[in-house]
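Working through the structure, step by step
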Amino acid sequence: MLNKYPLWKYLMVLIVVAAGFLYALPNIYGEDPALQISATRGGNVEISQLEEVKSALNKADLAFDSIKLENNLIVVRFKDTASQLAARDIATQALGNNFIVAINLMPAQPKWLADLGGNPMKLGLDLRGGVHFLMEVDMAVAMEKKQEELLEDFKTELREEKIRYRRLVPYKNGVKVSFRGEADLAKAEELLIEQHPKLIIEALDNESNTLSAIMGEARIKEVKDYALQQNITIIRNRVNQLGVAEPLVMRQGADRIVVELPGIQDTARAKEILSATATLEFRQVNYDADVRAAVNGRLPPGSELYYDRRDGRPVILKKQVILTGNHITDANYSFDENQRPQVNIDLDSKGGNKMSNFTKDNIGNPMATLFVEYVPTGRKTPEGKVEFEAKKEVINVATIQARLSNSFRITGIDSAGEAQNLALLLRAGALIAPIQIVEERTVGPSLGKENIELGTQAIVWGFCLVLAFMLFYYRGFGVVANVALALNLVLLIGIMSLIPGATLTLPGMAGIVLTVGMAVDANVLIFERIREEIRDGRGPQQAVHHGYDSAFSTIADANITTFIAAIILFAVGTGPIKGFAVTLAIGIVTSMFTAIVVTRAVVNASIGGRKVNKLWI
Amino acid sequence: MWIKNTIQFMSWRKIAMAMSFLLIATSIGSLATKGLQFGLDFTGGTLIEVGYEQGADLEKVRAKLDSSGFPDAVVQHFGSNTEVLIRLAPREDTNANTLSNQVLSAISTDELGHADMRRIEFVGPSVGEELKEQGGLAMLVALICILIYVAFRFEWRFALGSVLALAHDVIITVGLFSVLSIEFDLNVLAAVLAVIGYSLNDTIVVSDRIRENFRKLREIGPEEVINISLTQTLSRTMITSVTTILVLLALFFVGGELIHGFATALLFGVVIGTYSSVYVASSLGLMLGISRDDLIPTVVEKEGEDQDAIM
């Protein structure tokens, strides 16, 4: 019989539509402004902290909706953002250094919905406010550092094996060593090849008794990947210190890192902390050297000239680094007995050993703390990237009083604020190579809210206009198309809420508006076909049957090509544009379903198998 | 909307051609001489949008920025007179990290009132260059993929005709942005890609009908077949355009300032796309010598379907 669906098809339509409604539902409840309190460095949040926060909030007479401790997180919900922000300051003060208080939005749907996996759509940064950074790692510096490391390694290895060399200098992306005779060269070659299997080590043809050790393509890639990965880890640590809920730190391409911080207010501090390249080096002071001669350019071998950060006094340091900031496991700031800021440092065991070995033999000698920071020079490399240069300043020279172990302190810091920042940077680790922000997109909370309102209004208006037009033009069938259009919107929102990676952006909302306009196309195609069939003299049932059948391949072709465009948009687009592509693509799929299957089900259920004289179309 | 008599679309195709050529020539001419006014996404630079409590005096903001070391800042209202948009050209001394903060603190004074940060966008010059390349590439890849799909699904003349029609739409839409000096940014690029999707949608519907009619109406010449097909699909073409234009008008008027360029590109693109699917794609197909023979191979399968349905 014509225009009859089997029962399972009706059931399928019902189930899909019900699921669509269910998963679109959380969006109606929206999100509550909330605080999310977690412990630093994987510590535990106890019920006592919850009580502390609660009493602090009560004391300040600040109303909150609920406070809960779950999954090692305290979540406090508020009515509005104003009390949320005020509460953040109160909670931060109450809990102190060891807890991170982050502001966040928490889904407000009832528990049964959350248990079913229902969540509201994730909003993009342009809708909820926040910062998007694209950072570029300076690989030239990473390579230089690697080269310096090689030089040091070679020096030690050759010395340990008692192979004497004449010159050891940087060469291409590695080093070259020249020896006095062939015997030394051969011995060294054997040793170095064994020690450094990843380097390309060979004797040079044009220089006698000289061998070069350079990195091959694969090794270079490895070094760069490592540098990028290391930087990502460190930026992640720093982001955690900033107190942002749901941050995103992700690799992009060969030398870039994407950082997204939703809902952050103080973007200036975020930028300062994220791109800071500060680290420390501990070095021995060369107190035998003549400072005046050094200032005039006559430096003793193996030494370097630096200046004190505060008074500009020249200090001569030995080139060899006792310890770098990499071995620091924890750093806190406090005040000494004279109320001067200081930073207390803990080292890992390797660092502790190094420090202990060095200080044991050098009690009574001065040791300097060198502050290293990479700053842009304002010049560009030939590839058009910004050049960085290391700025090294002595922040403290102290006489070693006793053998140090893996815990000690440094003084000589200007202000408490600086001590705080230094401690934070040391704690989070130093970037292996300097980074630069090459793209920033920040949306303030007020604009985000406005964007949501405008986008919603556009969707509502567009939707109503199309509904009115279809009703006017197709009458009874117009109602069917409108039901399909409304369901399409529900399914689209339901799927957007269900897919974890899909975020709603402002262009995404524009995509929904466009989908509303274009989704009726399939119904228009079908209805026009039905009208044609009626004109050609077919009966109503035949007309409906043929209308749907012959319009199908056209609809499929038309939608597949638009789908191709959407996929390409997704592949090459950035952030918000991706959001547009996602809604467009999902909209195509859902509109095919609602416009073809759902309308057919409605039409079949209402006229199928009955005698119909005239179609209301 | 039912048109009883077949409209002789193809008899006007020379006029349409002339018009298309004129539009394309104008677009290319404007693009070559005037170029596009690329937005921040492509040129690089810094953009800061702030909101004041009360209407802001642009002259004062300019003067303040000038004295704070930003003489090159472009200052304008955005949407309403409480919102101010400040643009800075890319700088070589790249303290871009702190640039926006400096600007913000400079223009938030007792005299001017508190400036609420609404939006900061900073794009480094190299990133802008890349986005430009990527954008162009996206457009090309989209066109090529579509060419392949349509060629596979229909026939190469249809494919070439529809892709040329798409190129026609893209050039004229982009040309409009050049002629009217509207800013061309990433959102507009997305809109142009969406225009490709829309226009293609239209073209496919028409081509589908042409193919069907070639099979059905065996005694009639290609020109007439095209006319009949265009007439039959005309009402659908118009209705879909109307609904799409309705939602785009909603977007244009209530969607806010940020989405303006996007809505403009789509509105114009939909109009051009509708025109091109009627005139450009099919008349190009006709010029390329489309005929019944090209579409014969699949006839058998289609006739089988027909019989089945009548039973």
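Predicted model only: the values in this text are computed from it and were never measured.

Time to look at the overall build of chain A. Helix and strand counts for chain A come out as 17 helices and 22 strands. Relative to the globule expectation of 25 Å for 617 residues, the C-alpha radius of gyration of chain A, 34 Å, shows a markedly less compact shape. Dimensions of chain A along its principal axes, counting C-alpha atoms only, are 110 × 75 × 40 Å. A total of 617 residues make up chain A; the buried ones form 41% of that total.

A word on the sheet that holds strand β20 (residues 407–410) of chain A. All names here are of chain A. The three strands are arranged β16-β17-β20 in an open sheet whose pairing can be described as antiparallel. Across the chains shown, the open sheet's two edge strands, defined by having one partner strand only, are β16 (328–335) and β20. Here the strands of the sheet are splayed against their neighbours by 25 degrees on average, with no regard to which way each runs. Looking at chain direction, strand β17 (residues 341–347) and β20 are connected through four bridges and run antiparallel.

Our focus in this paragraph is the domain arrangement of chain A. The assigned domain composition of chain A is domain 1 (7–26 + 445–607), domain 2 (31–108), domain 3 (140–220) and domain 4 (276–441). The straight-line distance from the C-alpha centre of domain 1 of chain A to that of domain 4 of chain A is 62 Å.

So, on to helix α15 (residues 506–535) of chain A. Residues and elements named next belong to chain A. Helix length check: α15, at 30 residues, gives a terminal C-alpha distance of 44 Å against a target of 44 Å (1.5 Å per residue), a fit within 8%. Remark: the principal bend of α15, roughly 30 degrees, maps to V516. Most of α15 is tucked away, with 27 of its 30 residues classed as buried. G537 lies just past α15 and shows a positive phi near 95 degrees.

What follows covers the interface of chain B and chain A. Of the residues lining the interface, 61 residues belong to chain B; the matching set on chain A comes to 64 residues. Broken down by secondary-structure element, the contributors of at least two residues to the side of chain B that touches chain A are α4 (96–107), β4 (116–123), α5 (125–153), α7 (186–216), α8 (222–254) and α9 (260–278) of chain B. Element by element, the count of residues in the side of chain B that touches chain A is highest for α8(B), at 14 residues. Strand direction decides the pairing type here: strand β21 (residues 435–443) of chain A and β4(B), joined by five bridges, are antiparallel. In the sheet register, A:T442 faces β4(B), and the bridge partner there is B:I120.

Turning next to the pairing of β4(B). Residues and elements named next belong to chain B. Counting buried residues in β4 gives seven out of eight residues, a clear majority hidden from the surface. Summarising the sheet, strand β1 (residues 45–51) and β4 pair through seven bridges and their orientation is antiparallel. Bridged to E49 within β4 is R119.

A few words now on the sheet that holds strand β1 (residues 31–39) of chain A. All names here are of chain A. Within the open sheet, the four strands sit side by side as β2-β3-β1-β4. Their pairing is antiparallel. Either end of the sheet is taken by a strand with one partner, and the two such strands are β2 (66–70) and β4 (99–107). Each strand axis lies, on average, 25 degrees off the axis of its neighbour in the sheet, ignoring direction.

The next thing to look at is the nonpolar core. Formed by 129 residues in total, the largest nonpolar core has its most connected members in A:V513, A:V516, A:L569, B:A190, B:V192, B:L193 and B:L266. Leave out the neighbours within four places in its chain, and A:L569 touches A:I577, A:F580, A:A581, B:A138, B:A190 and B:L193. Listed in part, the 45 residues of the second largest apolar core include A:I74, A:V141, A:I234 and A:V259.

Moving on, we get to unusual backbone geometry. All names here are of chain A. Phi at D61 is positive, roughly 60 degrees, even though this residue is not glycine. You can see D61 is positioned in the loop between α3 (47–59) and β2. Residue class for D61 comes out exposed when judged on the 6 C-beta atoms lying within 10 Å of it. One non-glycine residue, N72, lies in the positive phi region at around 65 degrees. Positionally, N72 belongs in the loop between β2 and β3 (73–77).

The next point concerns the domain arrangement of chain B. If you check the domain split of chain B, you get domain 1 (9–38 + 128–310) and domain 2 (45–123). Centre-to-centre, using C-alpha coordinates, domain 1 of chain B lies 42 Å away from domain 2 of chain B.

What follows is about helix α9 (residues 217–242) of chain A. Residues and elements named next belong to chain A. Under the 1.5 Å per step criterion, the end-to-end length of α9 is 37 Å for 26 residues, consistent within 8% with the ideal 38 Å. For α9, the set of buried residues is V223, A227, L228, N231, I234, I235, R238 and V239. G243 sits one or two residues past α9 and shows a positive phi near 75 degrees.

Further remarks concern the packing of α15(A) against helix α16 (residues 540–572) of chain A. Residue and element names in this part refer to chain A. Interaxial distance between α15 and α16 falls to 8 Å at its minimum, and their mutual angle equals 135 degrees. Relative to α16, the element α15 lies oblique. Where α15 crosses over α16, the two elements pack in a sense that is right-handed. Side by side, α15 and α16 meet where A522, L525, I526, R529, I530, E533 and I534 of the first sit next to Q542, A543, V544, H546, G547, Y548, S550, A551, T554 and I555 of the second. When grouped by side-chain class, the residues that make up the contact of α15 with α16 number ten nonpolar, five polar and two charged.

Among the structural elements, A:G130 can be located in strand β6 (residues 130–137). Expressed as a C-alpha distance, the spacing of A:G130 and A:I459, which sit 329 residues apart in the sequence, is 24 Å.

A word on the pairing of strand β3 (residues 80–88) of chain B. All names here are of chain B. Bridge count for β1 against β3 is six bridges, and the pairing is antiparallel. Bridge pairing in β3 places E49 opposite L85. For strand β2 (residues 74–78) and β3, the ladder comprises five bridges, and the chain directions are antiparallel. Residue pairing for β3: F78 is matched across the bridge by S80. The loop that links β2 with its antiparallel partner β3 comprises one residue; one of these, G79, has a positive phi angle of about 80 degrees.

Mapped onto the elements of the fold, B:L193 is located in helix α7. Through-space distance from the C-alpha of B:L193 to that of B:C145 is 13 Å; in sequence the pair is 48 residues apart. Setting aside chain neighbours within four positions, we find B:L193 in contact with A:A565, A:L569, B:A138, B:M139 and B:A142.

A few words on the confidence of the model for chain B. Residue and element names in this part refer to chain B. Averaged over all residues, the pLDDT of chain B is 84; the fraction at 70 or higher stands at 91%. Mean pLDDT values for the elements of chain B range from 41 in helix α11 (residues 299–310) up to 93 in helix α1 (residues 13–33). Note that residues 298–311 has pLDDT below 50 and, in this model, four contacts with residues that lie over four places away or in other chains. For this predicted complex, the interface score ipTM comes out at 0.86, while the overall pTM is 0.79.

On to the environment of A:D184, then. All names here are of chain A. Of note, D184 is situated in helix α8 (residues 182–195). Counting along the chain gives 251 residues from D184 to I435, while the straight-line C-alpha distance between them is 42 Å. Among all residues touching D184, those that are not within four sequence positions of it are I163, R164 and F179.

Criteria and cut-off values
- Residues numbered from 1 in each chain as written.
- Chains lettered and ligands numbered in written order.
- Predicted model: local features only at pLDDT ≥ 70, side-chain atom pairs only at ≥ 80, totals over all residues.
- Helix = DSSP H or I, 4+ residues; strand = E, 2+ residues; numbered from the N terminus.
- Rg over C-alpha atoms; globule rule 2.2 N^0.38 Å.
- Buried ≥ 20, exposed ≤ 12 C-beta atoms within 10 Å, placed from the backbone.
- Pairing = 2+ DSSP bridges.
- Axes fitted to C-alpha atoms, helices over the stretch in contact; angles between N-to-C directions.
- Domains from an automatic or database assignment.
- Expected span 1.5 Å × (residues − 1).
- Bend = angle between axes of the 7 residues up to and from the residue.
- Contact = placed C-beta atoms within 7 Å.
- Core = buried A, V, L, I, M, F, W, Y, C linked by C-beta atoms within 7 Å.
- Parallel < 35°, antiparallel > 145°, perpendicular 65-115°, else oblique.
- Left-handed = near helix turned anticlockwise from the far one by under 90°.
- Nonpolar A, V, L, I, M, F, W, Y, C, P; charged D, E, K, R; others polar.
- pLDDT = per-residue confidence, 0-100.

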